[in-house]
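Survey of secondary and tertiary structure
If you want the building blocks of each chain, they are given just below.
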Amino acid sequence: MSTAILARLALLEARRSGLVWVAAAAMLIAIALGAFLAQVAITESRLLQAAVVASLLRLSAVFLIASQVIASVRREIDDRRLELALALPLPRSTQYLGRLAGFALCGIVLAGFFALPLLAWASPATVAAWALSLALELVLVSAAALFFAMSLASPVSALFACAGLYLLGRAMTAMQAIAGGPLADGSLVHRLARQAIDALALLLPALDRVTRTEWLLYGMPDLRTYTSALGALCIYAALLAVAGVFDFQRRAS
């Protein structure tokens, strides 16, 4: 019950902070930009419009949910509301997971909202699969943003750390391909750099395998690939939640 109350408070704060209107503005901008590029494109204007709108909506969702989580946590800390909450007879884990549940629900709602325009270019089943992937991706971003917001003193550093984690997760496969490409030399320094990149890839979520724009354009991947990618997202988000709970308990004690 306490977790549900904290989650509801996080949702109410998101509504009062204007997240709905910012999300609506981001959707309109993405649709307008996609329509403009489709008008100036020579061929495949429909595919280009869908690709631009889907990519912009995904990036907007990630930025909005990360900003909302970090701003909400910093507001709690600056207004001393977090200190008052810690004085309540509630377990620290309940307080942390309640906030995370509320932010995760914001991400899920945002994913469903941003998926609606894509019905103009893809089938409902494909859009639903894309939206589910985006929802789990935003749950992971919420967990990462909450962890960094609670751990780091500055909201700028928390946002930078969250953005770094997301961008590295998106680009790591490309970095590995470049490091192991045919133009790579065989020097010791290069081999060590490649091993370091491979080791870093094991610690990061494989975000390049989820919420892909090509699903909307050319169809979904096979079920095994899709479920394994989403399962990895869930595992990484759970690990971030556990790490956040332990860090929150340590700092609050």
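The structure we're discussing is the one just above.
A brief structural summary.

The rules behind each value
- Once a new chain begins, its residue numbering starts again from 1 and follows that chain's sequence as written.
- It should be noted that, the model being predicted, local features are given only for residues of pLDDT at least 70 and side-chain atom pairs only at 80 or more, the latter also being counted only at that level, while totals for whole chains, interfaces and linings use all residues.
- Here the side-chain values reflect all heavy atoms present in the structure, with hydrogen atoms and water set aside.
- Numbered from the N terminus, helices here are DSSP runs of H or I no shorter than four residues, and strands are runs of E no shorter than two.
- Only protein chains enter the accessibility calculation, which uses a 1.4 Å probe; a residue whose area is less than 20% of its type maximum is buried, one above 50% is exposed, and one in between is partly exposed.
- Residue contacts are counted whenever heavy atoms from the two residues lie within 4.5 Å of one another.
- For Phe, Tyr and Trp, rings pair up if their centres lie within 6.5 Å, where Trp contributes its six-membered ring, and each pair is then called stacked (planes under 30 degrees apart), edge-to-face (over 60) or tilted (otherwise).
- Each reported salt bridge corresponds to a side-chain nitrogen of Lys or Arg within 4 Å of a carboxyl oxygen of Asp or Glu.
- In this scheme, patches are assembled from residues that exceed 30% relative accessible area and form no salt bridge. Like charges are connected within 9 Å, while nonpolar side chains (Val, Leu, Ile, Met, Phe, Trp, Tyr) are connected within 5 Å.
- To be clear on the numbers: accessible area is Shrake-Rupley with a 1.4 Å probe, and residue cover counts the displayed protein chains and nothing else.

Looking at the overall build of the protein
Looking only at helices and strands, the protein has 10 helices and 0 strands in total. Of the regular secondary structure in the protein, the N- to C-terminal order runs α-α-α-α-α-α-α-α-α-α. Every one of the 253 residues in the protein was classed for burial, and the buried ones make up 43%. For the protein, the share of sequence-separated contacts (at least 6 apart) that also reach a separation of at least 24 residues comes to 79%.

A closer look at the packing of aromatic side chains
Considering all chains together, one arrives at 4 aromatic pairs under this definition. Judged by centre distance (6.0 Å) and plane angle (35 degrees), the ring pair of Phe113 and Phe114 falls under tilted. Given the relative accessible area of 31%, Phe113 is considered partly exposed. For the pair Phe147 and Phe148, a centre-to-centre distance of 5.5 Å together with 65 degrees between the ring planes defines the contact as edge-to-face.

So, the environment of Ala7
As for its placement among the helices and strands, Ala7 is situated in helix 1 (residues 2–16). For the pair Ala7 and Ala104, spaced 97 residues apart in sequence, the C-alpha separation works out to 8.8 Å. For Ala7, the contacting residues outside a window of four places in its chain are Gly98, Ala101 and Gly102.

A short note on the pattern of salt bridges
Side chains that carry opposite charge are capable of pairing whenever their charged atoms lie near each other. Inspection of the entire model under this criterion finds 4 salt bridges. In this structure, Glu76 engages Arg99 in a salt bridge whose closest nitrogen and oxygen atoms are separated by 3.0 Å. Here Glu76 is found in helix 3 (residues 45–78), whereas its partner Arg99 is found in helix 5 (residues 92–115), with 23 residues between them in sequence. Among the residues examined, Glu76 registers a relative accessible area of 12% and is labelled buried. The salt bridge involving Glu214 is made with Arg212; its shortest N-O contact spans 3.1 Å. Overall, Arg212 belongs to the partly exposed group, its relative accessible area being 30%.

Some thoughts on unusual backbone geometry
Of note in this structure, Thr211 is not a glycine but carries a positive phi near 50 degrees. Here Thr211 falls in the buried class, since its relative accessible area comes to 0%.

Observations concerning a nonpolar patch on the surface
On the surface, a nonpolar cluster with roughly 470 Å² of combined accessible area is contributed by Leu168, Met175, Leu200, Leu202 and Leu203. Looking at the nonpolar patch, the elements with two or more residues in it are helix 7 (155–179) and helix 8 (188–203). Here the element with the most residues in the nonpolar patch is helix 8; it accounts for 3 residues. The residue Leu202 is located in helix 8 in this model. Taking the relative accessible area as the measure of exposure, Leu202 reaches 75% and is therefore exposed.

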